[in-house]
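Structural overview
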Amino acid sequence: MDNEIGLDGWLLYFKTKVDLHENEWKFLSAVHIPEVAQLEQLRCGPKEKFLENARELMRERMQYILAMDTQLRLCRNEAKKYTEKYSEDPRCKSLEQLCGELHRISAGVMFCYNQVEEFLQKTLSPDEYEGLRKDIINDILLAGKIARGDV
């Protein structure tokens, strides 16, 4: 039995991903634009609450970067593999176009996250910002170690 996903399977998979992430982008665009205003209001309140929200937004951004990077690499690798194998098949071009759509969507979503990140960089002290950033990186590295069974 062949466990390989065929070209049609990858086309369906990445078409679904594009549709899903397109909707995610619309949602995040609507949510993150007011989030900067909400963070501005939180900045005037208790510092711990503000830092907690900042940490969560920074973690969400990092998780998105990692997840989309994985999806984009998978899409590009499969597109390259099938283009080399079936260079004349128009479905290969469709798969490459889906990879381009995923990249376009991820850039749009990252624009939303980057607006929040820029606000936090300007608002937090350098020590607070770097401390949060390091905490998030360490959490992600620990999660990777746990997933691999290294801990």
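What counts, and where the lines are drawn
- Residues numbered from 1 in each chain as written.
- Predicted model: local features only at pLDDT ≥ 70, side-chain atom pairs only at ≥ 80, totals over all residues.
- Heavy atoms only, no water.
- Core = buried A, V, L, I, M, F, W, Y, C linked by side-chain atoms within 4.5 Å.
- Buried < 20%, exposed > 50% of the residue type's maximum accessible area, 1.4 Å probe, protein only.
- Helix = DSSP H or I, 4+ residues; strand = E, 2+ residues; numbered from the N terminus.
- Disulfide = S-S within 2.5 Å.
- Axes fitted to C-alpha atoms, helices over the stretch in contact; angles between N-to-C directions.
- Parallel < 35°, antiparallel > 145°, perpendicular 65-115°, else oblique.
- Left-handed = near helix turned anticlockwise from the far one by under 90°.
- Contact = heavy atoms within 4.5 Å.

Counting residues in each nonpolar core, the largest one holds 23 residues, and the members touching the most others are F14, L95, L102 and V109. The set of elements that each furnish at least two residues to this core consists of α1 (7-43), α2 (47-85) and α3 (90-123). Of all hydrophobic cores here, the second largest spans 13 residues; its members include L51, A54, M58 and Y129.

It is worth spelling out the state of the cysteines at this point. Within the structure shown, the criterion is met by one disulfide. For C75, the disulfide goes to C99, at an S-S distance of 2.1 Å. Every disulfide takes its handedness from the sign of the S-S torsion; for C75 and C99 that torsion is -100°, giving left-handed. One end of the pair, C75, is in helix α2; the other, C99, is in helix α3, and 24 residues separate them in sequence.

Further remarks concern the packing of α2 against helix α4 (residues 126-148). Closest axis-to-axis distance for the α2/α4 pair is 10 Å, and the angle between their directions is 50°. The angle between α2 and α4 falls in the class oblique. Two packed elements cross with a definite hand, and for α2 against α4 that hand is right-handed. For the pair formed by α2 and α4, the contact residues are K47, L51, A54, R55, M58, R59, M62 and L66 on the first element and E128, Y129, L132, R133, D135, I136, I137, D139 and I140 on the second.

A few words on the side chain of K17. With respect to the helices, strands and loops of the structure, K17 is situated in helix α1. Among residues more than four places away in sequence, those in contact with K17 are Q71 and L102.

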